[in-house]
Amino acid sequence: MPTPVSSSSRFQLPSGLKLMNAALGGWTVLVFAFLYLPIAVLVIYSFNTSRLNIVWEGFTFDWYARVWQDTRLMRALQNSLIVATVTTTASVVIGTVGAWLLHRYRYRFSHAIQTLIAVPMIMPEIVMGISLLIFFTTLSVELGFFTVIVAHTTFCFPFVLVAVQARLHGLDPSLEEAALDLGATPIRAFWLVIVPCLKPAILSGGLMAFTLSMDELIVTFFTSSAQSATLPLLVFGMAKVGLNPMLNALSALFILATVAFVLFTEHLRRMSRR
Amino acid sequence: MSAMIEVRGVTKRFGDFTAVDRVDLHVAEGEFLTLLGPSGCGKTTLLRMLSGFETPTEGTLVIGGEDVTHLAPYRRNVNQVFQSYALFPHMTVEENIGFGLRMQKVPAEEAARRIAEVIDLVALKGFEQRKPHQLSGGQRQRVALARAIVPRPKVLLLDEPLSALDAKLRQQMQLELKRLQKHLGMTFVFVTHDQEEALTMSDRIAVFNRGRIEQIGSATEIYHKPCTAFVADFIGEANLLDAELVSRNGTTGRIRVEGGLELTLALSQWPQDHSRALVSIRPEKVLVSKSRIEAENVFQATVREELFQGVLDRLHLETGAGTRLTAVVANESAILEAIHAGDQVWCGLHVDDLIVVRPA
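Bear in mind that the values here come from a model prediction, so they are computed numbers and not experimental data.

A. Expanded view of the overall build of chain B. When helices and strands are tallied, chain B shows nine helices and 20 strands. Principal-axis analysis of the C-alpha atoms gives chain B an extent of 75 × 45 × 35 Å. The buried share among the 360 residues of chain B stands at 40%. Taking all contacts inside chain B whose residues are at least 6 apart in sequence as the whole, residues at least 24 apart take part in 64%.

What follows is the structure, given as structure tokens:
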């Protein structure tokens, strides 16, 4: 629960520090401007009648309508959502169960396994993309949704695993023992006691996985087919031909969705804390 | 009474470290047994073997006539109260307490009745829908207790359950636990490092040291007749003095303790064929007065130091011969005389209060 800041903790700064404080304030404004100004410009020009991103001609919702009507874009968005959803589900299951098994039991190569799991998180995407492509073609697996999802899961599940592991380190080891003591089998103890305790970590890890999968470009480029092309792939192709306010509109929609999503999960987290 | 728990030659090693070393122990049905010892003495490891979280390296564990040495914890008819309570944070008080019954697939109606009963027993009425984080330490403790007794285990294991409570609440819970145990007639195995807790509640106490049971017996036996220097020193306080037998006189013997003081003790407890032994004297058994005292052993001493401790007054004494002793007396108004550092005093010791103990 947040504790209110007591008024006594506010204090008057000496004059020398006042200047310093003003400078710091100015710097902070600059940092935020650097971060958010391009995004603001992007959103503003998504309402521009002109095809060009440099001159303002008038207000329109036209580009949003065009996004909606563009079947290629809609198809790619659908693909992205399918891939991200399945990837997130697979990552959450593998990451959570994996973290628990690594935490709870001792293996001969625990340490090596731990390191190997972390590698896909830092491996250059181009290396992952090429190696996966070689891997799939060697096994003569046809490129499509399956290969994209497998590829995405490879680098997404470690994020869930790491988040869950951090939570597990802070968890009272007696919790599982209490469940076992009261007659729960190890699997029921995991499902009924451990998983509910891990919910915040699973949620944030899953969110991370979803986001990563949604905007992944390079690995997807190597492992997808024309039918399973995701939104970033299509946008990248469109941008190469020339910038288009439709892309601005699309981006603005994405920002809206992201903000809504973050607010929603924050709301969920507050609810679960009650 | 039949034995509810039989521990036969149980050893537990962790690598090179022997946590529990060839322990034999019988606990009767309905008994309140306390495993008492300093941290790292093996008492918790023995408890964890009884609950099934550790498997003995050697030996056999029998609970209620069934060999449970290799039985998984979830198949054992014992329940544990954990030191951290280990309440499930996402469940309400009612759900926590009902967890064991849910695992046993007890019909909902019966479960509800039994949960209500136990909530009544531990005085948690009105808190059924609270989550653990909305409870005080004492209330959490009661939930942990209720959760462990509601499945009606043969044995209840308690791992330092009162250590997180403040002193006042701890004393109150000690009495409540004892009352509850009598009411349920359940076998309790209680682990603690707090000697006062052990003395207050237990039918019998097993004193642990370095993985072994040093002595097992009732609170009074352990306190008045400690077998070893460790027990004498760990439970209560003791003046431990090296002694040499000087002469024998029928049933009593004359000994000279370190420093030179000569005392008379009962010969029956002196180890045969030994001329030297260790003698334990409880500080409160040393009678101290400014006037001469009637006792089998009477000697004079100087008060080197006085430590006022409220109810008690602790005196560090040195006899004329140079033997140092600690005495504890009731405070000055209770014994109607003030004794201070520097005073010359008379000291008395009864023959029965000199206890020969095995060295640690």
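B. Region of interest: the overall build of chain A. Scanning chain A from N- to C-terminus turns up 11 helices and zero strands. Ordered by position from N to C terminus, the α and β elements of chain A give α-α-α-α-α-α-α-α-α-α-α. Relative to a compact globule of 274 residues, whose C-alpha radius of gyration would be 19 Å, chain A shows 24 Å and is clearly more extended. Once the C-alpha set of chain A is aligned to its principal axes, its extents read approximately 70 × 70 × 30 Å. Taking all 274 residues of chain A together, the buried fraction comes to 28%. By sequence separation, contacts in chain A at least 24 residues apart represent 77% of the contacts at least 6 residues apart.

C. Just the domain arrangement of chain B, in detail. Residues and elements named next belong to chain B. By domain assignment, chain B separates into domain 1 (3-233) and domain 2 (237-357). Taking only C-alpha atoms, the centre of domain 1 and the centre of domain 2 are 39 Å apart. Counting residues at the interface gives seven residues for domain 1 and six residues for domain 2. Of the residues assigned to the side of domain 1 that touches domain 2, the class counts are four nonpolar, one polar and two charged.

D. Representation of the domain arrangement of chain A. All names here are of chain A. Along its sequence, chain A is carved into domain 1 (16-63) and domain 2 (74-273). Relative placement of domain 1 and domain 2: their C-alpha centres are 32 Å apart. In terms of residue count, the dominant contributor to the side of domain 1 that touches domain 2 is helix α1 (residues 15-45) (four residues). When its residues are assigned to classes, the side of domain 1 that touches domain 2 shows five nonpolar, three polar and one charged.

E. Spatial organisation of the confidence of the model for chain A. Residue and element names in this part refer to chain A. When pLDDT is averaged across chain A, the result is 88; 94% of the residues are at 70 or more. When mean pLDDT is compared element by element in chain A, helix α7 (residues 174-181) scores highest at 96, while helix α11 (residues 245-273) scores lowest at 82. Scored below 50 in pLDDT, residues 1-9 makes zero contacts in the model with residues more than four places away or belonging to other chains.

F. A look at the nonpolar core. Residues Leu50, Ala146, Leu156, Val189, Ala206, Val207 and Val279 of chain B are the most contacted members of the largest nonpolar core, which totals 130 residues. Ranked by residues supplied to this core, first place goes to helix α6 (residues 145-169) of chain A with 11 residues. Sequence-distant contacts of alanine 206 of chain B, that is, excluding residues within four places in its chain, are made with Leu25, Leu33, Leu35, Leu36, Ile213 and Ile216 of chain B. Leu231, Ala249, Leu250 and Ala252 of chain A belong to the second largest nonpolar core, which has 12 residues in total.

G. Examining the interface of chain A and chain B more closely. Between chain A and chain B, the contact holds 14 residues from the first and 17 residues from the second. If you list the elements that add at least two residues to the side of chain A that touches chain B, you get α7 and α8 (186-214) of chain A. Its residues placed into classes, the side of chain A that touches chain B shows eight nonpolar, three polar and three charged.

H. Focus on the sheet that holds strand β11 (residues 239-249) of chain B. Residue and element names in this part refer to chain B. Sheet architecture is open: five strands sit in the order β13-β12-β11-β14-β20, paired in antiparallel fashion. In this open sheet, the two edge strands, each paired with only one partner strand, are β13 (262-266) and β20 (355-357). Direction aside, neighbouring strands of the sheet carry axes that sit 50 degrees apart on average. As paired elements, β11 and strand β12 (residues 252-257) share six bridges and run antiparallel to each other. Bridge assignment links leucine 245 to a residue of β12, and that residue is isoleucine 255.

I. Main features of helix α5 (residues 125-138) of chain A. Residues and elements named next belong to chain A. In this model, α5 (14 residues) spans 20 Å end to end at C-alpha, consistent with the 20 Å of a helix rising 1.5 Å per residue. If you check which residues of α5 are buried, you get Met128, Gly129 and Leu132. An end-on view of α5 places all buried positions within 100 degrees of arc, on one side of the element. Of the exposed residues in α5, the ones pointing more than 90 degrees away from its buried face are Ile126, Val127, Ile134, Thr137 and Thr138. Where α5 is buried, its residues contact α4 (110-122), α6 and α9 (218-223).

J. Summary view of the sheet that holds strand β3 (residues 32-36) of chain B. Residues and elements named next belong to chain B. Strand order in the open sheet made by the six strands is β6-β7-β8-β3-β9-β10, with mixed pairing throughout. Every other strand in the sheet has two partners, leaving β6 (78-81) and β10 (212-217) as the edge strands with one partner each. Neighbour-to-neighbour, the strand axes of the sheet open up by a mean angle of 20 degrees, direction not taken into account. Looking at chain direction, β6 and strand β7 (residues 155-159) are connected through four bridges and run parallel. Bridge pairing in β7 places glutamine 80 opposite leucine 157.

K. Region of the structure containing the packing of helix α3 (residues 71-104) of chain A against α6 of chain A. Residue and element names in this part refer to chain A. One way to put it is that α3 packs onto α6 with a least axis distance of 6 Å and a crossing angle of 40 degrees. The orientation of α3 with respect to α6, classified from their angle, is oblique. The handedness of the crossing between α3 and α6 comes out as right-handed. Of the residues that constitute the contact of α3 with α6, the class distribution is 17 nonpolar, nine polar and no charged.

L. Region of the structure containing the confidence of the model for chain B. In this model, chain B carries an average pLDDT of 92, and 98% of its residues clear a pLDDT of 70 or more. The ipTM value of the predicted complex is 0.86, and its pTM value is 0.82.

Parameters and conventions
Residues numbered from 1 in each chain as written. Chains lettered and ligands numbered in written order. Predicted model: local features only at pLDDT ≥ 70, side-chain atom pairs only at ≥ 80, totals over all residues. Helix = DSSP H or I, 4+ residues; strand = E, 2+ residues; numbered from the N terminus. Buried ≥ 20, exposed ≤ 12 C-beta atoms within 10 Å, placed from the backbone. Contact = placed C-beta atoms within 7 Å. Rg over C-alpha atoms; globule rule 2.2 N^0.38 Å. Domains from an automatic or database assignment. Nonpolar A, V, L, I, M, F, W, Y, C, P; charged D, E, K, R; others polar. pLDDT = per-residue confidence, 0-100. Core = buried A, V, L, I, M, F, W, Y, C linked by C-beta atoms within 7 Å. Pairing = 2+ DSSP bridges. Axes fitted to C-alpha atoms, helices over the stretch in contact; angles between N-to-C directions. Expected span 1.5 Å × (residues − 1). Arc of directions from axis to C-beta. Parallel < 35°, antiparallel > 145°, perpendicular 65-115°, else oblique. Left-handed = near helix turned anticlockwise from the far one by under 90°.

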